[in-house]
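Residue strings, one per chain:
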Amino acid sequence: MIPQTNPKAAYLAQREAIDAAIRRVLENGWYIQGEEVAAFERDFAAYTGSKHAVACASGTDALILALRGLGIGPGDAVITVSHTAVATVAAIQLAGATPVLVDTDEYWAMSPQALEATLQSWPAGAPKPKAVIPVHLYGQPAAITEIAAIAEKHNLILIEDNAQAHGATLNGRMVGRWGKAAAYSLYPTKNLGAIGDGGIVTTDDDSVADALRALREYGWRERYISAIAGMNSRLDPLQAAVLRVKLMALPADTARRQAIAARYSAGLAGLNGLALPRIRAGAAPVYHLYVVDAGARRDELQAKLKDKGVGTLIHYPVPVHLQPAYQGKIALGAGGLPNTERAAKSVLSLPLFPQLPDSDVDTVIAAVKAVW
Ligand SMILES: *Cc1c(COP(=O)(O)O)cnc(C)c1O
């Protein structure tokens, strides 16, 4: 079976360096915060070109901290998409704010038109829009230039959900550099993955970084004294040490993801009715996922590929606004969410991780061609 993703392969590829990093932490005896975490934060800030990077316990927490650090909470509406990991929407509610979900564009990311239309027809009496969180889904940059302009026009705080897009660029500029803050997940299968949970927020704003550092640890600026009401969301030094090793490999891993995507796109071109990922003008995607649009034949394609030993996943099978916890309880943007609902029925993620050999990519291509 060729798996859709394989975090163990990433460990085995750097086994000695990772084992040594873990041993270093075990032996130095400092198991919360400290120099390993600070060093990873410096490395990640340098990688992203951000002034500050503040590590925390998960990508979900990174979003919650970014929202709270920017003063967003009860009484505020935050606009995002429904075609995303549920964490994007959950984080808004966990920060005490009210999510509003808008439709996607032809690249499966937030539609600037839907965003603008939603803001134009904002219902009187509803919580006022305070922030917008576009998601750079699948490692593809969203229409961030247009969204940033709309955010500025309507006085909205822009936060980027970068959980799937470490290092992706648009017109040569990294995503995560448009907003006031960007939230990253370091979940094992993400482009930069820990050996457990992890997250990190980047920002250029000194006072926001200061708030994030306090919020992640009980609101402390001084030990045992809570200056503000905070939470406990720290990245383990063990994870930070592993992540420092993996961050060094990220540029090469990204190049490999891009090469695999190019191989798929060449090998699968011209299949009638099977749409391959489209690249936005000026974008350099980092292919967290290689997602095809199989239309009405998606479930059939997935089942037949499974029979041929090819693992696939669906990101995501049910839009957030149609999941039991949220259905009927979340405001939807102007025009409804037809693209989102269609995407959930037609998307399929093919195997893609940096250690996937070309021979397996070719096996997947042949399998898709045989069943299509
Ligand atoms: C993975 C992910 C998150 C949440 O990250 P966790 O580390 O799992 O909490 C948020 N948003 C998106 C788009 C994600 O893919």
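Going by the annotation in an unreviewed UniProt entry, the name recorded for the chain is DegT/DnrJ/EryC1/StrS family aminotransferase, with Ferrovibrio terrae given as the source organism. Under the UniProt heading Sequence similarities (unreviewed entry), the note attached to the chain is "Belongs to the DegT/DnrJ/EryC1 family."

Peer 1: What should I look at first to understand the UniProt feature "modified residue: N6-(pyridoxal phosphate)lysine" (unreviewed entry) in the chain in this one?
Peer 2: In the numbering used here, UniProt assigns the feature "modified residue: N6-(pyridoxal phosphate)lysine" (unreviewed entry) to Lys190. One can find Lys190 in the loop between strand E8 (181-185) and strand E9 (199-203). Look past the residues within four positions of Lys190 in its chain and what remains in contact with it is Ala163, His166, Ser185, Arg257 and His288.

Peer 1: Just checking my understanding: could you explain the pairing of strand E2 (residues 76-81) for this structure?
Peer 2: Taking burial as the measure, the six residues of E2 include six buried ones, the bulk of the element. Burial along E2 is two-sided: Asp76, Val78 and Thr80 facing one way and Ala77, Ile79 and Val81 facing the other are all buried. Here E2 pairs with strand E4 (residues 128-132) via four bridges, running parallel. Of the residues in E4, the one forming a bridge with Asp76 is Lys128.

Peer 1: Sorry if this is basic, but what is going on with the sheet that holds E8 here?
Peer 2: Each strand in a sheet pairs with another by means of backbone hydrogen bonds, the pair being arranged parallel or else antiparallel. Spatial strand order, E1-E9-E8-E5-E4-E2-E3-E14: eight strands in an open sheet with mixed pairing. Edge positions in the open sheet fall to strand E1 (52-56) and strand E14 (331-332), since each of these has one partner strand only. Pairing of strand E3 (residues 98-102) with E14 involves two bridges; the strand directions are parallel. Each bridged residue has a counterpart across the sheet, and for Val100 the counterpart in E14 is Ala331. Docked against the sheet, helix H3 (residues 35-48) engages E1, E8 and E9, running at close to 130° with respect to E1.

Peer 1: Got a minute to help me understand the domain arrangement of the chain in this structure?
Peer 2: Segmenting the chain into domains produces domain 1 (7-245) and domain 2 (250-371). Placing the centre of domain 1 and that of domain 2 at their C-alpha centroids yields a distance of 23 Å. With 46 residues of domain 1 at the contact, the number on the domain 2 side is 40 residues. In total, domain 1 and domain 2 occlude about 3,600 Å² of area from one another, counting both sides; carbon and sulfur atoms represent 57% of this. In terms of surface lost to domain 2, no three residues of domain 1 exceed Trp108, Tyr138 and Asn191, which account for 19% of the buried area on that side.

Conventions adopted
Residues numbered from 1 in each chain as written. Predicted model: local features only at pLDDT ≥ 70, side-chain atom pairs only at ≥ 80, totals over all residues. Heavy atoms only, no water. UniProt positions renumbered as here; feature names shortened; annotations may be inferred. Helix = DSSP H or I, 4+ residues; strand = E, 2+ residues; numbered from the N terminus. Contact = heavy atoms within 4.5 Å. Buried < 20%, exposed > 50% of the residue type's maximum accessible area, 1.4 Å probe, protein only. Pairing = 2+ DSSP bridges. Axes fitted to C-alpha atoms, helices over the stretch in contact; angles between N-to-C directions. Domains from an automatic or database assignment. Buried area = accessible area lost by both parts, 1.4 Å probe.

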